[in-house]
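Results of the structural survey
As a plain string of letters, each chain reads:
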Amino acid sequence: MLKCERIVKTFYDALEEGKILARRCSECGHIEYPPYLACNACGNLDTEWVELPEKVMCNQVLPVSAMFMDPDFKANVGDYAIAAIQPENAFEVGSVLLHVSPEEVDEIRAKLPAPVKPVIVQEDGYKNVHWELA
Amino acid sequence: MSYVKNVNPLKPYSRGVSIIGVGATPFMLTMDNKETRGLTHGELFGYAAIEAMRDAGITAKDVDMYVHGNAGPGWQEDMGTPNMHVANWFGMKAKPSVHHSEACGTGYVALEQAVSYVASGAYDIVLTGCCDFSYSIYKDNKHPSFMRKHCTDVQWNDIVINSQAKDYTMWQHCGGSLATEAWLDRYVVENKIEDKIEDVLMTLSKYSRENAARNPYSVNHTTYDDMAKMFKMESAEEFLRSKYNPKLGRYMHASHFEVRADGAAAAIVCPTEMAYKFTDRPVEVLGIGHSCLEQNTPALEKFATEAAYHNVRELTGLTGKDIDLFTTNDFFQQCQFLAPEECEYIPRGEGWQYVLDGRLQTTGDRPVNTHGGRCCYGHAHGTSGMHDLYETIMQMRGERGENQVQHPINYAMIRGFGGSQNVLCTILKNNAKEGK
Ligand SMILES: [Zn+2]
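Residues numbered from 1 in each chain as written. Chains lettered and ligands numbered in written order. Predicted model: local features only at pLDDT ≥ 70, side-chain atom pairs only at ≥ 80, totals over all residues. Heavy atoms only, no water.

This paragraph deals with the overall build of chain A. When its secondary structure is counted, chain A shows 3 helices and 8 strands. The helix and strand sequence of chain A, counted from the amino end, reads α-β-β-β-β-α-β-β-α-β-β. Expressed as a percentage of contacts within chain A between residues at least 6 apart in sequence, the contacts between residues at least 24 apart total 49%. Element-wise, carbon and sulfur atoms account for 51% of the exposed surface of chain A, whose accessible area totals about 7000 Å². When the 12 basic and 22 acidic side-chain charges of chain A are each reduced to a single mean position, those positions are 4 Å apart. (Helix = DSSP H or I, 4+ residues; strand = E, 2+ residues; numbered from the N terminus. Contact = heavy atoms within 4.5 Å. Areas by Shrake-Rupley, 256 points an atom, 1.4 Å probe, with all protein chains shown as cover. Lys, Arg positive; Asp, Glu negative; His and termini not counted. Charge placed at Lys NZ, Arg CZ, Asp CG, Glu CD.)

Laid out in structure tokens, this is it:
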């Protein structure tokens, strides 16, 4: 009978222990971050749990659009900017770069691509991963 | 970064499929006009469907099945099985039907759905239509659906955010900002046009609004020059750079975002070999490239457009250079030059200059969005793609009045986008008989 392991819950539960999990393709080595079931690079159906690669780059930084302000999130984490993040051997994903005021966006853009490190943040009833410059 | 190799090649249709009829209601703010306040989903879909059948010279009896599209039935109408909410309105009782929802991609998927049903051989004549009330919503289970309310900006923001996957993506707090500006930002940096992009975007706003003002189907009938006069300013440029058009991101101002509207549109498709039985002016669907990327992919619109265009180019052997008219979803107005560039309709890296030189305007040599586009003409989310099709067919027939392009249109491309996020590149061929 098909066994349905809880991928999403395992990811968030691991954050409570300070661990950031990803899945690695058993065929091509591609990293699925955040973790999904199958490989989106080669289509292989088997992936296994690994920790997030140490090398993670930020490729793009933008200010938060006034159309999509999130006051609750800002009250929780302070200043932040929108970012495109890419762990080694993984696809680029959207996220946020913490501790960046709108005035600092240009200064950071001049340094891109730049290495970043994860920050585990307490949100409303769960922990989540965001980023800051390494 | 590219996702082209993730998308398998398209195969030719089992039989050719052509569009033989189209119909559309104008885009409206139904709540704001005493003659349209209270119009309902079934009525608008019905009006568009009946106009499309009349245009094809058929009746409901001739239609084998219909496809119903709406951006998100939970957003606007609290509908389950939406194809049944319109079922009694246009003479098709008991006929087979389906519903689909891909947010703002719906109107483009609508054509792909109908074409696939006919190409399979299972059905000969299929009606495909979309209806959306993005301005005047019905969120009520206590009254008939003519009792509607304005959709507020807060409600709309919740809807947009809810199109993101709720396992991880939504909780990254970045989807909206990335979707609006990530592609434009990469373009600006790559082409080193930081000092020019403001002029480009303002030029785009000015003439898109002029297109819309000339278009009787639009929700806006004033130009930005008219707006300037109302505010005692010298020119559209002064108005567009004033506090009435605030900057909302790194590049985009309020004028570069969609204007919500209510409306419907429909089309009739049949096998190409049967098309001349109904009309002298059929338009054949040569192929539809289709790629989808979820909202957690930065600049997803660029990458999905690249993959969708790649596939339709490989299938048809036609490139953007062969295309005579380009229509695109532009709920972020810069897509009017980003998408045609990605699809080789205009040379790479030169789209911004084409805008400044007026070459993408209705009177230009490479026209884009002759109806005025989402930010000016209006945007009834799932239905707008079907309005792009309506505009394109009317342009191919030479029936667009003041907005008619200056050259014959043998081939047209429609670049669809929406739904967090479906991207489709459709190539159409004008098969009108000589002199028609
Ligand atoms: Zn793989």
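Further notes follow.
Below, the discussion takes up the coordination of the zinc ion. Ideal donor angles around a metal are set by the shape: a four-donor tetrahedron calls for 109.5 degrees, a six-donor octahedron for 90 or 180 degrees. Residue and element names in this part refer to chain A. Only Cys25 (SG), Cys28 (SG), Cys39 (SG) and Cys42 (SG) from the protein coordinate the zinc ion, and they sit 2.3 to 2.4 Å from it. Each of the 4 donor atoms around the zinc ion contributes to a set of angles spanning 106 to 114°, which defines the coordination as tetrahedral. Counting gaps between the donor residues of the zinc ion yields the pattern C-x2-C-x10-C-x2-C. Pair noted here: Cys28 is in the loop between β1 (21-25) and β2 (31-32) and Cys42 is in the loop between β2 and β3 (47-51), with a separation of 14 residues, a long-range link. Given the relative accessible area of 42%, Cys28 is considered partly exposed. Taking relative accessible area as the criterion, Cys42 reaches 40% and is therefore assigned partly exposed. (Donors = N, O, S within 2.8 Å, 3.2 Å for Na, K, Ca; no water. Tetrahedral: all angles 85-135°; square planar, octahedral: opposite > 155°, others 65-115°. Buried < 20%, exposed > 50% of the residue type's maximum accessible area, 1.4 Å probe, protein only.)

Our next topic: the pairing of strand β4 (residues 56-62) of chain A. Residues and elements named next belong to chain A. In terms of burial, β4 is a largely internal element, 5 of the 7 residues being buried. Here 6 bridges tie β4 to strand β5 (residues 80-87), and the two strands are oriented antiparallel to one another. Paired with Cys58 across the bridge in β5 is Ile85. (Pairing = 2+ DSSP bridges.)

Before going further, it helps to spend a moment on the environment of Asn88 of chain B. Residue and element names in this part refer to chain B. Structurally, Asn88 is set in the loop between α3 (82-85) and β3 (97-100). Considering only alpha carbons, one finds Asn88 and Leu356, 268 residues apart in sequence, at a separation of 49 Å. A polar side-chain atom of Asn88 sits 3.2 Å from a polar atom in the side chain of Lys93. (Polar contact = N/O pair within 3.5 Å; in protein donor to acceptor, adjacent residues only side chain to side chain.)

Here we come to the packing of aromatic side chains. Considering all chains together, one arrives at 27 aromatic pairs over all chains under this definition. Each ring, one from Tyr36 of chain A and one from Tyr168 of chain B, has its centre 5.5 Å from the other, and the planes form 80°; the classification is edge-to-face. Here Tyr36 of chain A is found in the loop between β2 and β3, whereas its partner Tyr168 of chain B is found in the loop between α5 (153-161) and α6 (175-191) on a different chain. On the basis of relative accessible area, Tyr36 of chain A is assigned to the partly exposed category, the value being 25%. Chaining the aromatic ring pairs together yields one cluster made of Phe11, Tyr12, Tyr33, Tyr36, Tyr126 and Trp131 of chain A together with Tyr168 and Trp171 of chain B. (Phe/Tyr/Trp six-rings, centres within 6.5 Å; stacked < 30°, edge-to-face > 60°.)

Turning our eyes to something else, we now look at the domain arrangement of chain A. Residues and elements named next belong to chain A. Segmenting chain A into domains produces domain 1 (1-52) and domain 2 (53-134). The distance between the C-alpha centroids of domain 1 and domain 2 comes to 22 Å. With 16 residues of domain 1 at the interface, the matching set in domain 2 holds 16 residues. Taking both sides of the interface into account, the surface hidden between domain 1 and domain 2 amounts to around 1300 Å²; carbon and sulfur atoms contribute 71%. Put simply, domain 1 and domain 2 have 1 salt bridge between them. Lys127 is the partner of Glu16 in a salt bridge, and the nearest nitrogen-oxygen pair spans 3.2 Å. At the junction of domain 1 and domain 2, the tally comes to 3 residue pairs in polar contact (both at pLDDT 80 or more). Here the side of domain 1 that touches domain 2 is built from residues that sort into 9 nonpolar, 4 polar and 3 charged. (Domains from an automatic or database assignment. Buried area = accessible area lost by both parts, 1.4 Å probe. Salt bridge = Lys/Arg side-chain N within 4 Å of Asp/Glu carboxyl O. Nonpolar A, V, L, I, M, F, W, Y, C, P; charged D, E, K, R; others polar.)

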